[in-house]
Amino acid sequence: MEAWAYQILQFGKFGSLLLSWGVLFGSAVVGLAFTGHAFKLGRAAYFLTMGLSFLFTGMTSLFVLGLHDAVKNDYLTVIVALIIGSLIPIGIFTGICAAARSRDAFGTRDRWFLSFIPVANLVLLFAPPQEQRKPSPVRTARSIVLVVLGFGLIGAGGGLNRWVEGQANQANETAQNDALLQKKLTRYEVQNFGLEAFLKETVKAVSVPAKLDGITTLKAVEIDKETFRYVYEISDKNANFSRNWQDVMMNRWCKSLDFKFMTDVGATVEGKYVSQEGQQLAELKVNPALCDQWRLQFDKTMQDAANAIKGPTRLDEVTTLNGADYKDGTFTYYYTFATMPSNDGWKAYMKNRWCQADQFKQMMAFDLNIRGVYSTEASAPIGEVLVNSEICGT
């Protein structure tokens, strides 16, 4: 139902106007079928009711301001139903008033439909009454007041529409940075139009060729059923596509928000690296299953690396490495100091040293935390040191 409601919102301006007109007209038909009123409306009073209809219609646009929250919280169907449903009483009201004006002007209410035809409505509005009324200052003053009020209501309805449109445009600009909203919208796009059609639309937003760095150029973007493929040209003949490079890129791609919005709806994102001569150099593929598989293998590699560190190993006159472990993205080393530090200045020294160590830089490229737990040789705790790419970046 949510995807269906989203599809209604994609009708466009003309489609939305046509749908609104259909609801208003259909409601008028139903309303008149169940009412048999015999009252009449003069031209001034009818103009006032037209102003009320404009104002009521403008008020229904207020529901548009809740669309983004509705998408994020899965009640978009309710908002769309309110937008459409609120037009029903307006259509009934407009139809009844138009029938009353038709009875006053033509002696029959059968010409009420003219109210729903923009130019033809002028005939209904300006047609003189069949029963000529004796002019009087009171009647003239009342007509002027009703017409002025009608213009005021029409202006208020139009102003409300413009205000809502401005607020909606501001909300749409902010929505570009709302990850949850974009995720939900992407899902609706795929449900309504299919994954391949969605990917083809996404391709149109990518400019190629595009220079990415000193040696990498995005040459093309391709769609192969449910695969979104980037073709990168590498100008450096000595570029090294090692296992470590593949792991770093898999970690980066699996966490990329730009790719995640596609992989979350079932697409596979592929990177194809080629030389300037067209020879394939490397290939990457990510989707939820491949990322989970890579993460499990990477975690196992880290656990094996931690288990391979045996101690005690004397590192210098005061420091001994006793072992290591790995869990949940944190690689922990256990150390003992032969002497108790006199103050906490050693922590800043170790952080600076670790941030510059090539070994730890490689680990931080995978967004790992590197933790050091220090104690005395008598097992009394001294303190901990933690570094990661964010800490070292600052």
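Just so we're clear, the structure is a prediction, and the values are computed from it rather than from any experiment.

Asks: Break down the side chain of Glu-2 for me, with residues and values.
Replies: Within the secondary structure layout, Glu-2 lies in helix α1 (residues 2-9). Of the buried charged residues, Glu-2 lacks a salt bridge, with Lys-184 as the closest side chain of opposite charge at 7.3 Å. Reaching out from Glu-2, the side chain makes a polar contact with the backbone nitrogen of Tyr-75 at a distance of 3.4 Å. Of the polar contacts made by the side chain of Glu-2, one reaches the backbone nitrogen of Leu-76; its length is 2.8 Å. Setting aside chain neighbours within four positions, we find Glu-2 in contact with Ala-70, Asp-74, Tyr-75, Leu-76, Thr-77 and Tyr-188.

Asks: Describe in detail the pairing of strand β6 (residues 310-314), supporting the description with residues and values.
Replies: Two elements, β6 and strand β7 (residues 319-327), share three bridges in a ladder whose sense is antiparallel. Counted as the bridge partner of Lys-310 is Gly-323 from β7. Counted along the chain from β6 to the antiparallel partner β7, the turn is four residues long.

Asks: Before we move on, can you summarise the pattern of salt bridges with the specific residues and values?
Replies: Under the criterion given, the structure shown has 16 salt bridges. Across the pair Glu-131 and Lys-40 runs a salt bridge, and its minimum N-O distance is 3.0 Å. You can see Glu-131 sitting in the loop between α7 (120-126) and α8 (137-175) and its partner Lys-40 sitting in the loop between α2 (12-33) and α3 (43-60), a full 91 residues away along the chain. Taking the relative accessible area as the measure of exposure, Lys-40 reaches 38% and is therefore partly exposed. A salt bridge links Asp-104 to Arg-101, with the nearest nitrogen and oxygen atoms 2.6 Å apart. Here the residue Asp-104 and the residue Arg-101 both occupy positions in helix α6 (residues 87-106), the gap between them amounting to three residues, near one helical turn. You can call Arg-101 buried: its relative accessible area is 0%. Connected via shared salt-bridge partners are Glu-222, Asp-224, Arg-229 and Glu-270.

Asks: Describe the packing of helix α5 (residues 76-85) against α6, listing the residues and the values that go with them.
Replies: The geometry of α5 relative to α6 is characterised by a closest axis approach of 5 Å and an angle of 5 degrees between their N-to-C directions. Relative to α6, the element α5 is oriented roughly parallel. Counted together, Ile-83, Ile-84 and Gly-85 of α5 and Leu-87, Ile-88 and Pro-89 of α6 form the full contact between these two elements.

Asks: Could you give an account of the packing of aromatic side chains, naming the residues involved and the relevant values?
Replies: One pass over the full model with this rule turns up 27 aromatic pairs. Aromatic pair Phe-331 and Tyr-333: ring centres 5.1 Å apart, planes at 40 degrees, arrangement tilted. Like Phe-331, the residue Tyr-333 is buried in the burial classification. The structure contains a cluster of three or more aromatic residues connected by ring pairs, namely Tyr-326, Phe-331, Tyr-333, Tyr-335, Phe-337, Trp-346, Trp-354, Phe-360 and Tyr-374. Above the plane of the ring of Phe-106 lies Arg-111, whose end atom (NZ or CZ) is 4.3 Å from the centre.

Asks: Give a detailed account of the pairing of strand β5 (residues 280-286), specifying residues and quantitative values.
Replies: Pairing between strand β4 (residues 268-275) and β5: six bridges, direction antiparallel. The partner of Gly-271 across the bridge, within β5, is Leu-284. Where β4 folds back on β5, the antiparallel hairpin that results is connected by four residues, among which Gly-278 adopts a positive phi of roughly 95 degrees.

Asks: Explain the side chain of Lys-184 to me, using residue names and the numbers behind them.
Replies: As for its position among the elements, Lys-184 is in helix α9 (residues 179-193). In this structure the side chain of Lys-184 is engaged in a polar contact, spanning 3.2 Å, whose partner is the side chain of Asp-74. Sequence-distant contacts of Lys-184, defined by excluding residues within four places in its chain, comprise Val-71, Lys-72, Asn-73 and Asp-74.

Asks: Which residues make up the state of the cysteines, and what values do they have?
Replies: Per the stated rule, a full pass over the model turns up two disulfides. Each disulfide pairs two cysteine sulfurs, and for Cys-254 the partner residue is Cys-291, the sulfurs being separated by 2.1 Å. Taking the sign of the torsion about the S-S bond as the criterion, the disulfide between Cys-254 and Cys-291, at about -95 degrees, is left-handed. Of this pair, Cys-254 sits in helix α11 (residues 243-255) while Cys-291 is found in helix α13 (residues 288-307), placing the two residues 37 residues apart along the sequence. Each sulfur in the disulfide pair Cys-355 and Cys-392 lies 1.9 Å from the other. One disulfide, between Cys-355 and Cys-392, carries an S-S torsion of -80 degrees and so falls in the left-handed class. Taken together, the residues Cys-355 in helix α14 (residues 345-356) and Cys-392 in helix α16 (residues 389-393) connect sequence positions 37 residues apart. On the accessibility criterion, Cys-392 (25% relative accessible area) is partly exposed. If the cysteines joined by disulfides in the protein are listed in sequence order, their pairing comes out as 1-2, 3-4.

Rules used in this analysis
- Residues numbered from 1 in each chain as written.
- Predicted model: local features only at pLDDT ≥ 70, side-chain atom pairs only at ≥ 80, totals over all residues.
- Heavy atoms only, no water.
- Helix = DSSP H or I, 4+ residues; strand = E, 2+ residues; numbered from the N terminus.
- Buried < 20%, exposed > 50% of the residue type's maximum accessible area, 1.4 Å probe, protein only.
- Lys, Arg positive; Asp, Glu negative; His and termini not counted.
- Salt bridge = Lys/Arg side-chain N within 4 Å of Asp/Glu carboxyl O.
- Polar contact = N/O pair within 3.5 Å; in protein donor to acceptor, adjacent residues only side chain to side chain.
- Contact = heavy atoms within 4.5 Å.
- Pairing = 2+ DSSP bridges.
- Axes fitted to C-alpha atoms, helices over the stretch in contact; angles between N-to-C directions.
- Parallel < 35°, antiparallel > 145°, perpendicular 65-115°, else oblique.
- Phe/Tyr/Trp six-rings, centres within 6.5 Å; stacked < 30°, edge-to-face > 60°.
- Lys NZ or Arg CZ within 6 Å of the ring centre and 35° of its normal.
- Disulfide = S-S within 2.5 Å.

So yeah, pure geometry; function would need other evidence.
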